[in-house]
Amino acid sequence: MAAEKKHFVCVVCPIGCEIDVVHDGSKIISMEGNKCEKSEEFVSQELIEPMRILTTTVRIQESRWPVIPVRTDKAVPKRLFPRIMKQLRRIKLQAPVNMLDLVVSDILHTGANVIATRTMPRE
Amino acid sequence: MIMQVDVAVIGSGPAGLAAAIHAHESGARKVLLLEREEELGGILKQCIHNGFGLEQFKQDYTGPEYAERLIKELEKTGVQCFLNTLVTGLSSDKVIEALSPEHGALEITAKSIVLAMGCRERTRPSIGIPGTRPAGIFTAGVAQRFVNIDGYLPGKKVVILGSGDIGLIMARRLTLEGARVIGVYEIMSYPGGLKRNIVQCLNDFDIPLHLSHTVTEIRGKERVEGVVISKVDSNLHPVEGSEKSIECDTLLLSVGLIPENELSKKAGIELSVATNGPVTTEIMETSVPGIFTCGNVSTVFDIVDYVAHTGAVAGTFAARYASAKVSGSKQSVDVVAGENVRLLFPQRYGFQDDLVLFVRAAEPVEKPVTIEVTPPGSRISRPYARPNEMLRVKIPRGKLAEGKQPIKVSIREK
């Protein structure tokens, strides 16, 4: 693949360096605008597969509130967000649930678990 | 019911929780925490995204996780909590009036009080958008509560006015839940929210951000049917002929937060025009001796770590006040804004503790800057200064000799 240019804003720290990257589709050829080396790792990952933590809610029964907040316990490919959301829409938990309880293990074979982010007593 | 306590804390968000924990840890025997909702935690309960506690705990928590960590700490202290309890009155002699279904009408006399009521959102009337008054106009925080706690999606085709952090977070949240977010429109020429939120909430989902734009009309009878967007000039006035009609069923407003100081006014506490919160010293004491303030009721902070920090300071000094019964600050000087400073907190320094300053720039500087604090003439370097990112600097107590001269804070390009 021929060299291409791409613009990134690094989110490793609050500075948010604006980085211009020349890449070959999967590897960095050159980059400028970053103030530290941490951006390199960030941009490399962004080029291969942008990864993010997903936070959302799932439905729950016999509790004070009809939904409970959940998140993936590590970053998952961003492109899988719609499919993960679709799968989580089918789930209905039963109270009580404790914070960090497992909701779905190894969601879509990402190696990440979906866990509850609050305690929800039975009511 | 008539009660007497050492320290009473009003509000159980991150500021109030931290204040109650630290009041207990600093030796206050009887600490009472008052919360109007049915659960502790305040607004953190609905902030289900991550990014909380990065500074304080070096952990990437979601809002509910951050709250639960503080609540678990509080539970170890034996601090008494009254839930469903609405504070209706506060006097300068530190008597609190409150109502609760469980305890009835309460009259609580406290040796010291910590205000931790947080802030509320600016609404459509506070920015005066012309047009009809259909359903489908929400503040971003109200929409956040509907989605994250009540499980309702407030709309399917959404325009967001204002690029405050809650608006950005909701742009992503609504997109994930299947709504279409057409765009975020910001009247200023720079974004209101944190850069990482622009990247992770808008860019990640290809949601456009239009700077120097605003909503100049809302259309629709029963339900929002559309809005008119206009460009604004450098004086923030709509540019004639730039109007564009956009079809939508929902308009979210993320147009600023105002500290919630109705109770402070009742107690005769002096308020700052710049922050809309109490005029405060470095130990978080207000103009009324023994009444302390912390978190977003003081000034709107960018991140929860700063909120909890002020809560810890307020709780610590409220406990000291309750045991010694002496005013915290006898002598104090003003802290005043100099060059390129829009907002400063605290506004007074009483020579009791280190001066931890929160500074907001008036204009963005995307180059290294020096924050100058005089006296004592300290110069602190930062890689940039942005109005949407509060700067925190610390001047040690030992550097500040007692005097009468005001302390001036400026931000200068290096």
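Residues numbered from 1 in each chain as written. Chains lettered and ligands numbered in written order. Predicted model: local features only at pLDDT ≥ 70, side-chain atom pairs only at ≥ 80, totals over all residues.

## Some words on the overall build of chain B
From N to C terminus, chain B includes eight helices and 27 strands. For 414 residues, the compact-globule formula gives about 22 Å, and the C-alpha radius of gyration of chain B, at 22 Å, lands near that figure. Along the three orthogonal principal directions, the C-alpha set of chain B runs to about 65 × 55 × 40 Å. The buried share of chain B, reckoned over its 414 residues, is 51%. Across chain B, every contact between residues at least 6 apart in sequence was considered, and the portion connecting residues at least 24 apart equals 64%. (Helix = DSSP H or I, 4+ residues; strand = E, 2+ residues; numbered from the N terminus. Rg over C-alpha atoms; globule rule 2.2 N^0.38 Å. Buried ≥ 20, exposed ≤ 12 C-beta atoms within 10 Å, placed from the backbone. Contact = placed C-beta atoms within 7 Å.)

## Details of the overall build of chain A
Scanning chain A from N- to C-terminus turns up two helices and 10 strands. Start at the N end of chain A and walk to the C end: the helices and strands fall as β-β-β-α-β-β-β-β-α-β-β-β. Against the compact-globule benchmark of 14 Å for 123 residues, chain A has a radius of gyration of 19 Å, which places it well outside the compact range. For chain A, the residues scored as buried account for 28% of the 123 residues in total.

## Some points on the pairing of strand 6 (residues 67-72) of chain A
All names here are of chain A. For strand 6, the tally of buried residues reaches six of six residues, placing the bulk of the element in the interior. Burial of the side chains of strand 6 extends over both faces: Val-67, Pro-69 and Arg-71 are buried on one face and Ile-68, Val-70 and Thr-72 on the other. From the end of strand 5 (residues 55-61) to the start of strand 6, which pair antiparallel, there are five residues, and Glu-62 there has a positive phi angle of about 55 degrees. Sheet topology note: the strand 6/strand 10 (residues 114-116) ladder contains three bridges and is antiparallel. Following the sheet pairing, Arg-71 is matched in strand 10 by Ile-115. (Pairing = 2+ DSSP bridges.)

## Digging into unusual backbone geometry
Of note, the amide linkage connecting Ala-95 of chain A to Pro-96 of chain A takes the cis form, showing an omega dihedral of 5 degrees. Along the chain, Pro-96 of chain A falls in the loop between strand 8 (92-94) and strand 9 (102-104). Put simply, Phe-345 of chain B and Pro-346 of chain B share a cis peptide bond, and its omega is -5 degrees. Among the structural elements, Pro-346 of chain B can be located in the loop between strand 21 (341-345) and strand 22 (348-349). Positive phi outside glycine occurs at Leu-100 of chain A, with the angle close to 75 degrees. In this structure, Leu-100 of chain A sits in the loop between strand 8 and strand 9. On the basis of neighbour counts, which here come to 15 C-beta atoms within 10 Å, the residue Leu-100 of chain A falls in the partly exposed class. We note that Asp-106 of chain A has phi near 45 degrees; this positive angle belongs to a residue other than glycine. Its location among the elements puts Asp-106 of chain A in the loop between strand 9 and strand 10.

## Details of the domain arrangement of chain B
All names here are of chain B. For chain B, the assigned domains are domain 1 (2-120 + 258-330), domain 2 (123-255) and domain 3 (334-414). Relative placement of domain 2 and domain 3: their C-alpha centres are 34 Å apart. Each partner contributes residues to the interface: domain 2 has five residues there, and domain 3 has four residues. Its residues placed into classes, the side of domain 2 that touches domain 3 shows three nonpolar, two polar and no charged. (Domains from an automatic or database assignment. Nonpolar A, V, L, I, M, F, W, Y, C, P; charged D, E, K, R; others polar.)

## Some details on the nonpolar core
All names here are of chain B. Among the nonpolar cores identified, the biggest contains 87 residues, and Val-7, Ala-8, Val-9, Ala-19, Val-114 and Ala-318 are the most heavily contacted of them. Of the residues forming this core, the biggest block, 12 residues, is contributed by helix 8 (residues 304-324). With sequence-adjacent residues up to four places away left out, Ala-19 is seen in contact with Val-9, Val-114, Ala-116, Cys-294, Gly-311, Ala-314, Gly-315 and Ala-318. Ranked by size, the runner-up nonpolar core spans 33 residues in total, among them Ala-140, Ile-160, Ile-166 and Ile-207. (Core = buried A, V, L, I, M, F, W, Y, C linked by C-beta atoms within 7 Å.)

## Here's the deal with the sheet that holds strand 23 (residues 355-361) of chain B
Residue and element names in this part refer to chain B. What the three strands build is an open sheet, ordered 21-23-26; its pairing is antiparallel. Two strands close off the open sheet at either side, each with one partner strand: strand 21 and strand 26 (391-395). Going across the sheet, the axis of each strand differs from the next one's by a mean of 30 degrees, ignoring polarity. (Axes fitted to C-alpha atoms, helices over the stretch in contact; angles between N-to-C directions.)

## Side note on the sheet that holds strand 10 of chain A
All names here are of chain A. One open sheet holds the five strands; their spatial order is 8-5-6-10-9, and the pairing between them is mixed. The open sheet has two edge strands, strand 8 and strand 9, and neither has a second partner. Averaged over neighbouring strand pairs, the angle between their axes works out to 45 degrees when direction is ignored.

## A closer look at the packing of helix 4 (residues 140-148) of chain B against helix 5 (residues 165-176) of chain B
Residues and elements named next belong to chain B. Two numbers describe how helix 4 lies on helix 5: the axes approach to 9 Å, and their chain directions differ by 35 degrees. The element helix 4 and its partner helix 5 pack so that their crossing is left-handed. On helix 5, the residues that touch Ala-140, Gly-141, Ala-143, Gln-144 and Val-147 of helix 4 are Ile-166, Gly-167, Met-170 and Arg-173. Of the residues that constitute the contact of helix 4 with helix 5, the class distribution is five nonpolar, three polar and one charged. (Left-handed = near helix turned anticlockwise from the far one by under 90°.)

## Thoughts on the interface of chain B and chain A
Between chain B and chain A, the contact holds 19 residues from the first and 23 residues from the second. Secondary-structure elements contributing two or more residues to the side of chain B that touches chain A are helix 2 (63-75) and helix 6 (195-202) of chain B. The element best represented in the side of chain B that touches chain A is helix 6 of chain B, accounting for four residues. A class-by-class count of the residues in the side of chain B that touches chain A yields six nonpolar, six polar and seven charged.

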